[in-house]
Amino acid sequence: MKIRFWGVRGSAPTPGPKTSRIGGNTSCVEVSAGCGETIIFDAGTGIREMGLNYFTRPAPPKRLHLFLSHFHWDHIQGFPFFGPAFLGDVRMDIYGAPGVEGYLAAQMSAPFFPVSLADMKSEKVFHELNGAAMEFGGCSVIPVPLSHPQSSYGFVLMENGVKAVYSSDTEYVAGGNHETFVEMIRDADILMFDAQYTPEQYNKGRVGWGHSTFEAAAEIVKKAGVKKLVLFHHEPTHDDDAVEEIERRARELFPDTVAAREGMTIEI
Ligand SMILES: [Zn+2]
Ligand SMILES: [Zn+2]
């Protein structure tokens, strides 16, 4: 399984010289599974970059599975700019909470965008998540409800004996009771987790905003026996130095930790 990070930022894109090492595009992660399937988690602005890259591949996949955690802007905003969605020989399976098709169509309607969802020539098959596992081509993806305003899903991906968890927007507090989530991700090979805030920021007026800290992330991976932690959904006001300081502090709590960076790949 190869995981590639196309967008690692939370809330809003942050281009510019102060974020050039970590990257400024919003949430998008591509997984090339060992069974040959291509899975994409979220369609933030990073998916536009993935789309550009797609056209440079010698044999790009003709079927793409896009899982949307929720519909906040930073997770869908790149979708109208995703080139492969305009190709007639591509099939996109799109998974999201009930209403997913309507929400994507609304984003691509007047006066917000001049090209409609129906104008995208790919075959689009929508799947409304109801808690059941999605199975395709030797992969299984289990949606996990998270703690986030207006709700959000995490995804547990299993294939060929590898277990990877994408868990973006969620608010877990260090010292809290997260047993259901811990059981869902138990013994995972990798957890990509919302680590937007420092504990100091969280405790200074950000309770209830729907995001976690690296401290909560480290506690959860230790409890669940997860092998590797990827800090994800970086706070937009954090420049490269700030994110790398969070990475340093997180490693003191859980050594096998890395802050997600745009363009980074991990093979497991
Ligand atoms: Zn977000
Ligand atoms: Zn959100």
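Quantities reported herein were computed from a predicted structural model and do not represent experimental measurements. (Residues numbered from 1 in each chain as written. Chains lettered and ligands numbered in written order. Predicted model: local features only at pLDDT ≥ 70, side-chain atom pairs only at ≥ 80, totals over all residues. Heavy atoms only, no water.)

Got a minute to help me understand the nonpolar core in this structure?
Note on soluble globular proteins: their nonpolar side chains tend to be buried together. By size, the foremost hydrophobic cluster in this structure holds 34 residues, and its most contacted members are F5, V29, I39, F41, F67 and V230. The residues touching F41, leaving out its near neighbours within four places in the chain, are S27, C28, V29, V31, F67, F155, L157 and Y166. Counting 24 residues, the second largest nonpolar core, distinct from the first, contains Y172, A195, I220 and A250. (Core = buried A, V, L, I, M, F, W, Y, C linked by side-chain atoms within 4.5 Å. Buried < 20%, exposed > 50% of the residue type's maximum accessible area, 1.4 Å probe, protein only. Contact = heavy atoms within 4.5 Å.)

Can you help me understand the side chain of H65 in this one?
By the secondary structure assignment, H65 is in strand β4 (residues 63-67). For H65, a relative accessible area of 0% corresponds to the buried category. A distance of 2.9 Å separates polar atoms of two side chains, one belonging to H65 and the other to Y95. Residue contacts for H65: discarding those within four places in its chain leaves E37, T38, I39, I40, D93, Y95 and F136. (Helix = DSSP H or I, 4+ residues; strand = E, 2+ residues; numbered from the N terminus. Polar contact = N/O pair within 3.5 Å; in protein donor to acceptor, adjacent residues only side chain to side chain.)

Would you mind showing me how to read the environment of L157 here?
Tracing the chain through its elements places L157 in strand β9 (residues 153-159). Discounting residues that sit within four places of it in the chain, L157 has contacts with M1, V31, I39, F41, C139, S140, V141, V162, K163 and A164.

Would you mind showing me how to read the coordination of the zinc ion (ligand 2) here?
Distances from the zinc ion (ligand 2) to its protein donors, namely H70 (NE2), H72 (ND1), H148 (NE2) and D169 (OD), fall within the range 2.1 to 2.4 Å. Around the zinc ion (ligand 2) sit four donor atoms; with metal-centred angles ranging over 90 to 167°, the donor geometry is irregular. Taken as a pair, the zinc ion (ligand 2) and the zinc ion (ligand 1) show a spacing of 3.6 Å, with D169 coordinating each metal. With H70 in the loop between β4 and α2 (73-76) and H148 in the loop between β8 (139-145) and β9, this pair connects stretches of sequence that are 78 residues apart. Each member of the pair H70 and H148 is classed as buried. (Donors = N, O, S within 2.8 Å, 3.2 Å for Na, K, Ca; no water. Tetrahedral: all angles 85-135°; square planar, octahedral: opposite > 155°, others 65-115°.)

What am I meant to see in the coordination of the zinc ion (ligand 1) here?
When four donors bind a metal tetrahedrally, each ideal donor-metal-donor angle is 109.5 degrees, and when six bind octahedrally, the ideal angles are 90 or 180 degrees. Summarising the metal site, the zinc ion (ligand 1) is bound by the protein donors D74 (OD), H75 (NE2), D169 (OD) and H233 (NE2), whose distances to it range over 2.0 to 2.1 Å. Note that the zinc ion (ligand 1) binds four donor atoms; their angles at the metal cover 92 to 165°, and the shape is irregular. Overall, the relative accessible area of 1% leaves D169 in the buried class.

Mind showing me how you'd approach the sheet that holds strand β11 (residues 190-194) here?
Two orientations exist for strands paired in a sheet by backbone hydrogen bonds: parallel and antiparallel. Strand order in this open sheet of seven strands is β7-β8-β9-β10-β11-β12-β13, and the pairing throughout is mixed. Two strands close off the open sheet at either side, each with one partner strand: β7 (134-136) and β13 (257-259). The average angle at which neighbouring strand axes cross in this sheet is 15°, direction not considered. Set on the sheet, helix α6 (residues 214-224) makes contact with β11 and β12 (229-232); between it and β12 the angle comes to about 155°. Strand contacts of helix α7 (residues 240-253): β12 and β13, with the helix running at about 170° to β13, the strand carrying the most contacts. (Pairing = 2+ DSSP bridges. Axes fitted to C-alpha atoms, helices over the stretch in contact; angles between N-to-C directions.)

Would you mind showing me how to read the sheet that holds strand β2 (residues 28-32) here?
One open sheet holds the seven strands; their spatial order is β6-β5-β4-β3-β2-β1-β14, and the pairing between them is mixed. Among the strands making up the open sheet, the edge pair consists of β6 (123-128) and β14 (265-267). Recorded for the sheet is a direction-independent mean angle of 20° between the axes of neighbouring strands. Here strand β3 (residues 38-41) runs beside β4; their pairing, made up of four bridges, is parallel. If you follow T38 over to β4, its bridge partner there is L64. Contacts from helix α1 (residues 46-54) reach β1 (2-7), β2, β3 and β4 within the one sheet, and its direction differs from that of β1 by about 120°. Its contacts with the sheet place helix α3 (residues 100-107) against β5 (91-96) and β6, and it is angled at close to 130° to β6.

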